[in-house]
Amino acid sequence: MITTIDVLLFSSQGLIFGVYTEQIEEVLTGKHRMNSGVSTENDMIHYRQQKLYVIDFSLYLDQKRRHDSPPGAEKTDPNHPVITAAVDSSLTSKILVVKLPQHEYMGIHVENVVKILSMPLDQIRTLPAIMETHNSIPGLWGLTFVDQRLVTLLDLTRLA
Amino acid sequence: MAEQRQAQEDLTEILDVIKQRKQQEHMIEIEEQLIQLVIFQLADRYYALYGNTIKEIVTVREISYVPGMPDYILGVINVRGDIESVLDLRKFLGLAQSPWTKQSRILLGEIPHIRSGLLVDSVEDVLEIPEDQISISDSMLAAEQTAYILGETFYKGKELILLNIKKIFKKLLDE
């Protein structure tokens, strides 16, 4: 019997990420963030009579990328130029409302939701040893290919 | 008398066999130990790794970027369903940067418990040479490289640096 997990795929900076659907309470349109009147890297929106802390995932990735460059090293890779732009709230962007322990929520602002699918566990690989040592994104737990594109699997509850 | 002659002939034959065996043993003793090298280029210099540490040589089709990694880890490739990391050997050794080309190749290096792809400018040759042709390196190389050098020899009249893949991988795991 092949065990599967339900995964929601989203895009950011041209990359595809996968998260457990059971961790997602709701998907809001990105406009919710724009309506809150703020556009900083991390901010708050109103959600169910509460304030919801929102992480701009594009800026989060950018911050991680810059943080990783050792002192004196080239800051740009000729094959992967650094993208420094926040998620555009006016387009197709979405806010993933993530369920945290103790009935708390966190928002992750992403460029778009690509699709939801059942993914066979035997198609998922853990990070290669060298990457496991150097990974600076908490919650990055696996990699797989869907339609010949790499999907980076995240546990969003460990992201913050 | 005939028996004595026969015994003498037998003895001579036995001595010949012993002599032949000794000669063979002597030949084995002086036989050159050959090592296999995978020779490649990085920034117009020749480098090599031991052939028994290279599982496969693959062309560079697409390296999928993985976020949150140091910039010398370029990403991953899909090799028949296996996901392999790819290390930019130029960047790791502190050499000048250059985008990959049609000649670029990924060497799939493997030692016990660890495996990774190594991006190189081109693969030149896979050949066997006598081990005693490898000498201790006295190259004037940057400090980033000397820690990973096993020795040197010559290839097509130019210096060839033999790298130690175990030390490269160990450094990556220890950091």
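About the thresholds
- Residues numbered from 1 in each chain as written.
- Chains lettered and ligands numbered in written order.
- Predicted model: local features only at pLDDT ≥ 70, side-chain atom pairs only at ≥ 80, totals over all residues.
- Heavy atoms only, no water.
- Helix = DSSP H or I, 4+ residues; strand = E, 2+ residues; numbered from the N terminus.
- Rg over C-alpha atoms; globule rule 2.2 N^0.38 Å.
- Buried < 20%, exposed > 50% of the residue type's maximum accessible area, 1.4 Å probe, protein only.
- Areas by Shrake-Rupley, 256 points an atom, 1.4 Å probe, with all protein chains shown as cover.
- Lys, Arg positive; Asp, Glu negative; His and termini not counted.
- Charge placed at Lys NZ, Arg CZ, Asp CG, Glu CD.
- Pairing = 2+ DSSP bridges.
- Axes fitted to C-alpha atoms, helices over the stretch in contact; angles between N-to-C directions.
- Contact = heavy atoms within 4.5 Å.
- Phe/Tyr/Trp six-rings, centres within 6.5 Å; stacked < 30°, edge-to-face > 60°.
- pLDDT = per-residue confidence, 0-100.

Undergrad: Which parts of the structure should I look at to understand the overall build of chain B?
TA: For chain B, the helix and strand inventory stands at 4 helices and 10 strands. For chain B, the succession of helices and strands along the chain, N to C, is α-β-β-β-β-β-α-β-β-β-α-β-β-α. For a compact globule of 175 residues, the expected C-alpha radius of gyration is about 16 Å, and chain B comes in at 24 Å, more than 25% above that figure. Along the longest, intermediate and shortest principal axes, the C-alpha atoms of chain B span 95 × 40 × 35 Å. When each of the 175 residues of chain B is scored for burial, the buried share is 45%. In the form shown here, chain B has an accessible surface area of approximately 10,200 Å², with 50% of it arising from carbon and sulfur atoms. Of the charged side chains in chain B, 19 are positive and 29 negative, and the gap between their average positions amounts to 6 Å.

Undergrad: Looking at this structure, how should I read the sheet that holds strand E3 (residues 54–59) of chain B?
TA: All names here are of chain B. Here 5 strands make up an open sheet; going across it, the order is E3-E6-E7-E5-E4 and the pairing mixed. Two strands lie at the open edges of the sheet, namely E3 and strand E4 (73–79), each paired on one side alone. Direction aside, neighbouring strands of the sheet carry axes that sit 30 degrees apart on average. Of the pairings in the sheet, the one linking E4 to strand E5 (residues 82–88) comprises 6 bridges and is antiparallel in character. Along E5, the bridge assignment pairs Gly 75 with Val 86. Contacts between helix H4 (residues 165–174) and the sheet are confined to E3, E5, strand E6 (105–111) and strand E7 (114–120), with E6 contributing the most and set at about 85 degrees to the helix.

Undergrad: How do you make sense of the packing of aromatic side chains when you look at a structure like this?
TA: Each aromatic ring pair is described using two quantities: the centre-to-centre distance and the angle formed by the ring planes. All names here are of chain B. Summed over all chains, the structure comprises 10 aromatic pairs over all chains. Aromatic side chains Phe 40 and Tyr 47 sit 6.2 Å apart centroid to centroid with 15 degrees between the ring planes, which places their arrangement in the stacked category. Between Phe 92 and Tyr 148, the ring centres sit 5.2 Å apart and the planes meet at 45 degrees, which makes this aromatic pair tilted. With Phe 92 in helix H2 (residues 89–92) and Tyr 148 in the loop between helix H3 (143–146) and strand E9 (149–155), this residue pair connects regions lying 56 residues apart in the sequence.

Undergrad: How should I be thinking about the confidence of the model for chain A in this particular structure?
TA: When pLDDT drops low, the exact placement of atoms in the prediction is not to be read closely. All names here are of chain A. For chain A, the average pLDDT comes to 81, and 77% of its residues sit at 70 or higher. Ranking the helices and strands of chain A by mean pLDDT puts strand E2 (residues 15–20) first, with 96, and helix H1 (residues 31–35) last, with 65. This model gives residues 67–83 a pLDDT under 50, and the stretch forms 28 contacts once residues within four places in sequence are excluded.

Undergrad: Honestly, unusual backbone geometry in this entry has me stumped. Any pointers?
TA: Excluding glycine, residues mostly carry a negative phi; peptide bonds, for their part, are mostly trans. A positive phi angle is found at Arg48(A), which is not glycine, with a value near 50 degrees. Its location among the elements puts Arg48(A) in the loop between strand E4 (42–47) and strand E5 (50–56). Looking at Arg48(A), the relative accessible area reads 41%, which means it is partly exposed. Non-glycine residue Lys156(B) carries a positive phi angle of around 50 degrees. Summarising the element assignment, Lys156(B) is placed in the loop between E9 and strand E10 (158–163). Lys156(B) sits in the exposed class, given a relative accessible area of 59%.

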